[in-house]
Amino acid sequence: IDIGDKTPKAFNYYRRPDNVIVGMWKHQISALSSDNGNSWTDLALSKSLSTCGAKIWGQQTENNKYAIVYNHSATKRNRYPLVVMTSIDGHKFDNMLCVHGEVPPVRYYGFAKNPGPAYIRGIYKGNGNPPDNKMWLTYSMSKEDLWVTNVSIPIMGTVDNHVNQNF
């Protein structure tokens, strides 16, 4: 598959239940490895993601499901909203939900400063485990501020009670 002039950057990965490693890079590029990363399938463009070329974060969640967090961009220029999609098998993702939808005004203008959350990263499996059963994410807002948020596990589109916003 032709990935054009895109160079794979910003590697992220997770391991599926069939022991296959799913590798993801910027620009919707992905590949699979069935031998613990020693060899990979050809790079492919993910047709299910619509990004502006920003980083993608994927991980297995505490409830043994999978989540991919990325900037869903219809125009390929903006970096919002920040969304999460979930999967049972780490292969087929659906149930898109908004993680961060509002974008504050840009304070400082400059070249390549697409507004919105970007440069998403979380905690790799085996590199610490927060005790609160949440997926912790950090990202840059319009290349100006760093934000940290958490997503409750299991990831759901509804809540049973009021959100506790004691800051």
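Located above this text is the structure these notes cover.
A short tour of the structure in this document, coming up. (Residues numbered from 1 in each chain as written. Predicted model: local features only at pLDDT ≥ 70, side-chain atom pairs only at ≥ 80, totals over all residues. Heavy atoms only, no water.)

1. Some points on the pattern of salt bridges
Here the structure, examined in full by the defined rule, presents three salt bridges. Here Arg16 makes a salt bridge to Asp18, at a shortest N to O gap of 2.7 Å. For Arg16, a relative accessible area of 13% puts it in the buried group. Among the residues examined, Asp18 registers a relative accessible area of 47% and is labelled partly exposed. Across the pair Arg107 and Asp145 runs a salt bridge whose closest N-O atoms are separated by 2.9 Å. Linking Arg107 in the loop between β8 (94-100) and β9 (117-121) with Asp145 in strand β11 (residues 145-152), this pair joins segments that are 38 residues apart in sequence. Note on Asp145: relative accessible area 29%, which makes it partly exposed. (Salt bridge = Lys/Arg side-chain N within 4 Å of Asp/Glu carboxyl O. Buried < 20%, exposed > 50% of the residue type's maximum accessible area, 1.4 Å probe, protein only. Helix = DSSP H or I, 4+ residues; strand = E, 2+ residues; numbered from the N terminus.)

2. Here we look at the packing of aromatic side chains
Applying the stated rule across the entire model yields nine aromatic pairs. Between Tyr14 and Phe93, the ring centres sit 6.4 Å apart and the planes meet at 75°, which makes this aromatic pair edge-to-face. Of the two residues, Tyr14 sits in strand β1 (residues 12-15) while Phe93 sits in the loop between β7 (82-87) and β8, which places them 79 residues apart along the sequence. We note that Tyr14, like Phe93, is buried. (Phe/Tyr/Trp six-rings, centres within 6.5 Å; stacked < 30°, edge-to-face > 60°.)

3. Here we look at the nonpolar core
If you look at soluble globular proteins, the nonpolar side chains tend to sit buried side by side. Grouped together as the largest cluster of nonpolar side chains are 14 residues, with contacts concentrated most on Val69, Val84, Ile120, Met135, Leu137 and Ile155. Every element with two or more residues in this core is listed here: β6 (66-71), β7 and β10 (134-141). Here this core gets four residues from one element, more than from any other, and that element is β10. Sequence-distant contacts of Ile155, defined by excluding residues within four places in its chain, comprise Thr61, Ala67, Val84, Thr86, Asn95, Leu97 and Met135. (Core = buried A, V, L, I, M, F, W, Y, C linked by side-chain atoms within 4.5 Å. Contact = heavy atoms within 4.5 Å.)

4. Focus on the sheet that holds strand β3 (residues 29-33)
Within a sheet, neighbouring strands are paired by backbone hydrogen bonds and run either parallel or antiparallel to one another. The four strands lie next to each other as β1-β2-β3-β4, forming an open sheet whose pairing is antiparallel. Because the sheet does not close on itself, it has two edges, and the strands there are β1 and β4 (44-45). Pairing analysis gives two bridges linking β3 to β4, with the strands arranged antiparallel. Counterpart to Ile29 in the pairing with β4 is Leu45. (Pairing = 2+ DSSP bridges.)

5. A look at unusual backbone geometry
Phi is mostly negative for residues that are not glycine, and the peptide bonds are mostly trans. For the peptide bond that leads from Tyr80 to Pro81, omega is -5°, which places it in the cis range. Within the fold, Pro81 resides in the loop between β6 and β7. In this chain, Ile153 is followed by Pro154 through a cis amide linkage whose omega measures 5°. Looking at the element boundaries, Pro154 is found in the segment after β11. Phi is positive for Asn95, which is not a glycine, with a value near 60°.

6. Notes on the pairing of strand β2 (residues 21-25)
For β2, the tally of buried residues reaches five of five residues, placing the bulk of the element in the interior. Both faces of β2 are covered, namely the face carrying Ile21, Gly23 and Trp25 and the face carrying Val22 and Met24. Counted along the chain from β1 to the antiparallel partner β2, the turn is five residues long, and its residue Asn19 has a positive phi close to 70°. Across five bridges, β2 lies against β3 in antiparallel orientation. By the bridge assignment, Gly23 is partnered in β3 with Ala31. Here β2 hands over to β3 after three residues, with His27 in that stretch at a positive phi of 65°.

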